[in-house]
2 protein chains.
Amino acid sequence: MDILEALHTRRSIRKYTDTEISDADLHEILKCAMLAPSACNEQPWHFVAVRDEGQRKVLSGTTKYTHMAANAPLVIVVCASMQDDKAEGFWPQDCAAAIENMMLAARGLNIGAVWCGIYPVEEREAYLRKALSLPEDIVPMGMVCLGYPEQHFHEVDRFREDRIHYEKW
Amino acid sequence: MDILEALHTRRSIRKYTDTEISDADLHEILKCAMLAPSACNEQPWHFVAVRDEGQRKVLSGTTKYTHMAANAPLVIVVCASMQDDKAEGFWPQDCAAAIENMMLAARGLNIGAVWCGIYPVEEREAYLRKALSLPEDIVPMGMVCLGYPEQHFHEVDRFREDRIHYEKW
């Protein structure tokens, strides 16, 4: 799939078929995540890949917006290691770039995905820290639910000329 | 270009030819930025596109890492409106996803780009707020320098199996 088509048609996909995501596709998605740029090339990210049905049900209770984790064949929680954060607090941006790469790699594989925000909401972080047995210096930053879509990828137009400024504000 | 090839070969490009970036390509890059996901679909982003040589020279002084802004034919400063931040502090992640989309759209157009971190370093924000006449409720979040590359896009391998955890930590 063409990169521009992937960018134009990536949508948040919340309904999935039962088809499993292969180990090869999981590898490709995580490889692309780790190719994101990061401040000082610190690559502060870790990934917890969850396929177990019981564990996914636990994850689905993280917020009132994460119910689809129970029905997604694969959930990946993206975390950041505070030990690796030597670059003045850029780690949420680094992890966000990694997640966006995951979303687009999934689109290229015709896999649907939705990004659920975790950090900086403390109760969500605490919930996932317990559910995933995360060490204290690991921050759960975002949760991505993945599966083959039971809804269509369709293009939307969000272009807003009024958000563009030239030379200065 | 295939989406996976774009993800595999996106590199930080800091050396550019003199060739201008067309209005059509600028539009495509910003269209893709605005197609990024955002918390509650708030789309908190604004974009300041700078081509003026004098203004780019000013931007190049933002940090000791932003000298390439003086030689890039196009610099885009991505900002966030705090008025639009109703989603519990997710705006840096939203803007980071928009920037990563810009990096990949540029790659698809064979344009090189490098992402320079601004927020949360206060002196960098203050410098750009003055240089770009930004209102008080607008935060400069990141700077992207763009141009046709005078260096090669090449694939690197950053995959680290030790960063992947299964079912829990």
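Refer to the preceding data block for the structure.
Each value, and the rule that gives it
Residues numbered from 1 in each chain as written. Chains lettered and ligands numbered in written order. Predicted model: local features only at pLDDT ≥ 70, side-chain atom pairs only at ≥ 80, totals over all residues. Heavy atoms only, no water. Helix = DSSP H or I, 4+ residues; strand = E, 2+ residues; numbered from the N terminus. Polar contact = N/O pair within 3.5 Å; in protein donor to acceptor, adjacent residues only side chain to side chain. Contact = heavy atoms within 4.5 Å. Buried < 20%, exposed > 50% of the residue type's maximum accessible area, 1.4 Å probe, protein only. Phe/Tyr/Trp six-rings, centres within 6.5 Å; stacked < 30°, edge-to-face > 60°.

S.K.: Residues and numbers for the side chain of B:Thr9, please.
M.R.: Residues and elements named next belong to chain B. Positionally, Thr9 belongs in helix H1 (residues 3-9). A polar contact is formed between the side chain of Thr9 and the backbone oxygen of Glu5, at a distance of 2.7 Å. Within the local environment of Thr9, its side chain forms a polar contact with the side chain of Arg107, the two groups lying 2.9 Å apart. When near neighbours in sequence (up to four residues on either side) are disregarded, Thr9 contacts Arg107, Phe153, His154 and Glu155.

S.K.: Report on the environment of B:Asp52, specifying residues and quantitative values.
M.R.: Residues and elements named next belong to chain B. Mapped onto the secondary structure, Asp52 falls in the loop between strand E1 (45-50) and helix H3 (53-60). By relative accessible area, Asp52 is classed as partly exposed at 40%. For the pair Asp52 and Leu4, spaced 48 residues apart in sequence, the C-alpha separation works out to 34 Å. Among the polar contacts listed, one links the side chain of Asp52 to the backbone nitrogen of Gly54, at a separation of 3.2 Å. A polar side-chain atom of Asp52 sits 2.8 Å from the main-chain amide nitrogen of Gln55.

S.K.: Go over the packing of aromatic side chains with me, naming the residues and quoting the values.
M.R.: Residues and elements named next belong to chain A. Counted by the stated rule, this structure contains two aromatic pairs over all chains. Ring geometry for Trp91 versus Tyr119: centroids 4.6 Å apart, planes at 55°, classification tilted. Here Tyr119 lies in the loop between strand E3 (112-117) and helix H5 (122-131) and Trp91 lies in helix H4 (residues 91-108), a separation of 28 residues in the sequence. Take Trp91: its relative accessible area is 7%, and that puts it in the buried class.

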